[in-house]
Amino acid sequence: MMTHQKAYITTPIYYVNDVAHIGHAYTTIIADTLARYFRMVGRDTYFLTGTDEHGQKIEQSAQLKGKETKAYADEISATFRELWDDFGISYDKFIRTTDEEHKQGVQKAFNIMFANGDIYKDTYKGHYCISCEAFFPKTQLVDDEFCPECGKATTVVEEESYFFRLSKYGQRLLDYYDQHPDAILPKSKRNEVIRFIEGGLSDLSITRTSFDWGVKLPQEINDPKHVMYVWLDALMNYVTALGYGSDEAHMEYWPATVQLIGKDILRFHAIYWPAFLMSLELPLPKHIAAHGWWTRNGEKMSKSKGNVIKPKEVADAYGLDNFRYFMLREVPFGGDGDFSQKALIDRINSDLGNDLGNLLNRLIGMSGKYFEGNVSSHNVETFYAQEFHEVKANIASLESYLSDIMLHRYLEELWRPLSIANRAIDKYQPWNLMKEGKEEEAMALNGLIANILTQVAIMLYPIMPQITQKIAFALGFEINNASWQKYIVEGRLLNDFIIEKIPPLFPRIEEQLLSDPTPQEPQKESKKEAKPKENAQAQGIALIGIDQFFQTSLKIGTVVSGEEVPKSNKLLLLQVDIGEAIPRQIVAGIKEWYSLEELIGTQVCVVANLKPAKLMGLKSEGMLLAAKDGEGLCMIRPEKPKAVGTSIS
Ligand code: MSP
């Protein structure tokens, strides 16, 4: 990986249909770690993140919220950017696919692919999953209808479309992956991709006509009813961000060094993306690195399940660097991880508090007590040669873990010098050395520990940028390219210095700091005081006029009958009389909290002017009002019986 001096790191661009959760934070933190590492070691680094704003999914989300699509995209995109700024994510560019330069770049790519014969016009007939923004042949669907990736109902699409000749690139892709065995990381994921390609690639529909929230085709094509398929648009961001198709200002960073993604979007990045690049005659990224999924009690996180973890809440409660460390250390890269506060607290108290923080405290204590805060590296090699050389070899081995994006292993290895240092204190017992008058040995032991902490702090900096600078401050230096060069590359020892007494970096955490909203786990008392809620405006909730409120038609209804939805743990199919000729059919995700007996014959509040939607293949013609908190969900009902169809205002 360290073959060329420039480094270009990318995250996926995040859909603006929802705000960020810890899955998004995970990708971004890994990317930030790599970018910080590359900068520290002196590489000219460019780090890209941003938001993916086109496509049917975003258009529908905006409609559901009753917002104009661009305004909605602006709003959510800003929340991502604010979160990353708040987290000190060191991105160089935040791209939005609604940026003009990006659109120009995508159009340029379309023109080139069209001119070289890789794009042709035909009719697409098949199934489309709006949630995944992906086409699926019928053979891949579950029960002939449901998306194999996310389980949601697909829609049948039959429309005129431009196609990309993906089929033409199958063999070239296989050859490429054969010649570049580490192009896809972790290596286990490579086989998956190869098997998929070997199964045969169909040409890819790359334009849509049934909606228009997307990049238009280039003028030269003269076909205004088509917009680009959102994945063609989105994948191109990695080069349009560098100026492809506009000012080309940063194209020297291409090809990317590492493109981080989640495993769910590997197919797009390891098949479509390189094929597009081949068609454009651009080099392929050095590495596509796919991480696993964060789950909550074994389940995928989603808003509807109420088990989403907000990264900002976790970072505010437990400390941003601690959160970063936890995410990278807890789960082997590529594997899935289950988020639990208990595991996070264990890592903070044990790895960070006991192994790292306590070592610094002991050094501060011992040098204060015996040497008035003086620390000297003289005689470290004389008295502690074995420890010194073990640590040196260990630090030298770290880069290989980083190259393979095995960050959990990197951290595991980085903890060895800490255990060498902690063991050295127990073994040589400086208090006895002092009693025996072996002051030089005791001073050299402190020197050994200070130098170990120096090296660990530098190598830990990309993961914990704030805390490690504090450690460095206590030891009298600053972490940057010069200190990396001096203490890691040249292996120089610290000059004599007086240690700065800093407060403990990892105060022990005795109990969960955030209340746990998932019904599966008993609710624990939150240690933090619940803050009084700010008013709506201060919380960033947009205010609306009364006329906007009245655009929603809310009615009293009576549930007249119902049945369970086969194969679904969540859904009930209800017939609700709202005073119309026939009852409305409503699919409601309330089965976990209500039985049919509890519902039939009772009154409910219905959103009556929602566009019909399909859930598990069943048409739903409205929505029931309900409220859900950590304890579960309850229906919102009239206090006294009211005539069906009565408007709620
Ligand atoms: N917009 C596309 C990416 C286009 S890149 C040209 C997209 N967006 S996303 O917002 O749905 O997801 C962005 C990233 O977040 C993906 O890499 C995805 O894997 C990751 N995660 C989303 N949920 C996740 C977890 N629960 N856990 C870990 N990462 C997950 O896909």
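Our structure is the block above this text.
Residue numbers here run from 1 along each chain, matching the order of that chain's written sequence. Local features in this predicted model are restricted to residues of pLDDT 70 or higher, and side-chain atom pairs are both shown and tallied only at a pLDDT of 80 or more, whereas totals for entire chains, interfaces and linings draw on every residue. The basis for the side-chain values is all heavy atoms of the structure; hydrogens and waters are excluded.

**Q** It is not clear to me how the sheet that holds strand S7 (residues 155-164) should be interpreted in this structure. Could you clarify?
**A** In any sheet, the strands associate via hydrogen bonds between backbone groups, in a parallel or an antiparallel arrangement. Pairing between two strands requires that DSSP report at least two bridges joining them. Under the DSSP-based scheme used, a helix requires at least four consecutive residues in state H or I and a strand at least two consecutive residues in state E, with every element numbered from the N terminus. If you walk across this open sheet you meet the four strands as S6-S5-S7-S9, and the pairing is antiparallel. Edge positions in the open sheet fall to strand S6 (134-136) and strand S9 (204-205), since each of these has one partner strand only. The pairing of strand S5 (residues 119-129) with S6 spans three bridges and is antiparallel. For His127, the partnering residue across the bridge sits in S6 and is Phe136.

**Q** Sorry if this is basic, but what is going on with the sheet that holds strand S14 (residues 294-296) here?
**A** With mixed pairing, three strands are arranged side by side in an open sheet as S15-S14-S16. Each edge of the open sheet carries a strand with a single partner, namely strand S15 (299-300) and strand S16 (337-338). Where S14 lies against S15, two bridges are found, and the strand directions are antiparallel. If you follow Arg296 over to S15, its bridge partner there is Glu299.

**Q** Just checking my understanding: could you explain helix H4 (residues 100-115) for this structure?
**A** Each full turn of the α-helix corresponds to 3.6 residues, which orients residues three or four apart in the same direction. Each residue after the first adds 1.5 Å to the expected span of a helix. Helix length check: H4, at 16 residues, gives a terminal C-alpha distance of 23 Å against a target of 22 Å (1.5 Å per residue), a fit within 8%. Three or more residues of H4 are buried, namely His102, Gly105, Val106, Ala109, Phe110 and Met113. Looking down the long axis of H4, one finds its buried residues gathered within 140 degrees of arc, a one-sided arrangement. Trailing H4 by a residue or two, Gly117 shows a phi angle of about 85 degrees, which is positive. Burial classes: relative accessible area under 20% of the type maximum marks a residue as buried, over 50% as exposed, and values in between as partly exposed (1.4 Å probe, protein chains only). Arc, as used here, means the arc of the directions from the helix axis to the C-beta atoms.

**Q** In this structure, what is going on with the site of the ligand? I would like to understand it.
**A** Residue proximity to a molecule or strand is established when one non-hydrogen atom of the residue lies within 4 Å of it. In the vicinity of the ligand lie 22 residues, with Ile13, Asp52, Gly262, Asp264 and Trp294 positioned nearest. A distance of 3.1 Å separates an oxygen atom of the ligand from a polar atom in the backbone of Tyr15. Throughout this description, a polar contact denotes any pair of N or O atoms lying within 3.5 Å of each other; where both atoms belong to protein, one of them has to be capable of donating a hydrogen while the other can accept it, and for residues adjacent in sequence the pair is counted only when both atoms sit in side chains. Asp52 places a polar side-chain atom, nitrogen or oxygen, 2.7 Å from a nitrogen atom of the ligand. Surface burial for the ligand is 95%, taken as the share of its 660 Å² of free accessible area covered by protein chains. Elements with a contribution of two residues or more to the shell around the ligand: strand S2 (14-15), helix H1 (22-40), helix H7 (230-235), helix H8 (237-240) and strand S12 (258-262). For the shell around the ligand, the element with the highest residue contribution is H7, accounting for three residues. A breakdown of the residues in the shell around the ligand according to their chemical character gives twelve nonpolar, eight polar and two charged. In this description, accessible areas are obtained by the Shrake-Rupley approach with a 1.4 Å probe, and a residue is regarded as covered only by the protein chains that are shown. Here the term charged refers only to Asp, Glu, Lys and Arg, the term nonpolar to Ala, Val, Leu, Ile, Met, Phe, Trp, Tyr, Cys and Pro, and the term polar to all other amino acids, Gly among them.

**Q** Can you walk me through unusual backbone geometry in this structure?
**A** Apart from glycine, the bulk of residues carry a negative phi angle, and the bulk of peptide bonds sit in the trans form. A cis amide bond, omega -10 degrees, links Leu185 with the succeeding residue Pro186. Residues Trp254 and Pro255 are joined by a peptide bond in cis, for which omega reads 5 degrees. For Pro255, the location among the structural elements is in the loop between H8 and S12. Even without being glycine, Asn222 reaches a positive phi, approximately 55 degrees. Mapped onto the elements of the fold, Asn222 is located in the loop between strand S10 (207-208) and strand S11 (227-228). Positive phi outside glycine occurs at Ile405, with the angle close to 55 degrees.

**Q** Explanation requested: the side chain of Ser61 in the structure shown.
**A** Here Ser61 is to be found in helix H2 (residues 56-64). Ser61 sits in the buried class, given a relative accessible area of 13%.

**Q** Looking at this model, I keep getting lost on the pattern of salt bridges. Mind explaining?
**A** Side chains that differ in charge, positive against negative, can pair when their charged atoms come close. The salt bridge definition used is simple: a Lys or Arg side-chain nitrogen within 4 Å of an Asp or Glu carboxyl oxygen. In total, this model carries 33 salt bridges according to the counting rule given. For the salt bridge of Glu592 with Lys570, the shortest nitrogen-to-oxygen distance reads 3.8 Å. Here Lys570 lies in the loop between strand S19 (554-564) and strand S20 (572-577) and Glu592 lies in the loop between strand S21 (584-588) and helix H21 (596-599), a separation of 22 residues in the sequence.

**Q** Is there a simple way to think about the side chain of Arg347 in this case?
**A** If you trace the backbone, Arg347 turns up in helix H12 (residues 341-371). Under the relative-accessibility criterion, Arg347 is labelled buried at 18%. Polar contacts involving the side chain of Arg347 include one to the side chain of Asp351, which spans 2.8 Å. Contacts of Arg347, omitting those with residues within four sequence positions, involve Tyr325, Phe326, Arg329, Glu330 and Leu352. Contacts: residue pairs with any heavy atoms within 4.5 Å of one another.

**Q** Before we go on, may I ask you to explain the packing of aromatic side chains in this structure?
**A** Any two aromatic rings considered together are summarised by their centre-to-centre distance and by the angle between their planes. Only the six-membered ring of Trp is used, alongside the rings of Phe and Tyr, when aromatic pairs are assigned; centres must lie within 6.5 Å, and planes under 30 degrees apart are stacked while those over 60 apart are edge-to-face, with the rest tilted. Overall, the coordinates contain 34 aromatic pairs when judged by the stated rule. Ring geometry for Tyr14 versus Trp84: centroids 5.8 Å apart, planes at 55 degrees, classification tilted. With Tyr14 in strand S2 and Trp84 in helix H3 (residues 69-86), this pair connects stretches of sequence that are 70 residues apart. Comparing Tyr14 with Trp84, the two get one shared label, buried. Taken together, Tyr8, Tyr46, Tyr238, Tyr253, Trp254 and Trp273 form an aromatic cluster joined through their ring pairs. When the ring centre of Tyr253 is taken as reference, the NZ or CZ atom of Lys6 above it lies at 5.3 Å. Both a distance and an angle decide whether a charge sits over a ring: NZ of Lys or CZ of Arg must be within 6 Å of the ring centre and within 35 degrees of the ring normal. The positively charged end of Arg43 is found above the aromatic ring belonging to Phe38, 4.7 Å away from the centroid.

**Q** Teacher, can you tell me more about the pairing of S19 here?
**A** A regular strand carries its side chains on alternate faces of the sheet. Relative to strand S22 (residues 603-607), S19 is paired through five bridges, and the arrangement is antiparallel. Paired with Ile556 across the strands is Cys605, a residue of S22. Strand direction decides the pairing type here: S19 and S20, joined by six bridges, are antiparallel. Note that in S20 the partner of Thr558 across the bridge is Asp577.

**Q** I would appreciate a short explanation of the state of the cysteines in the present structure.
**A** What makes a disulfide is a covalent bond joining the sulfur atoms belonging to two cysteines. Cysteine sulfur pairs qualify as disulfides if the two atoms are within 2.5 Å. Enumeration over the complete set of coordinates arrives at zero disulfides. Here Cys147 is not disulfide-linked; the sulfur of Cys129 is the nearest cysteine sulfur, at 3.7 Å. The thiol of Cys605 is not disulfide-bonded; the next cysteine sulfur, from Cys634, is found 11 Å away. Judged by relative accessible area, Cys605 falls into the buried class, the value being 7%.

**Q** Help me out: how do you make sense of a nonpolar patch on the surface in this one?
**A** Together, Ile546, Phe549 and Phe550 make up an exposed nonpolar region whose accessible area comes to about 310 Å². Relative to the helices and strands, Ile546 is located in helix H20 (residues 546-549). Within the patch definition used here, like charges are joined within 9 Å and nonpolar side chains (Val, Leu, Ile, Met, Phe, Trp, Tyr) within 5 Å, considering only residues with over 30% relative accessible area and no salt bridge.

Everything listed here is a matter of geometry and, on its own, says nothing about what the molecule does.
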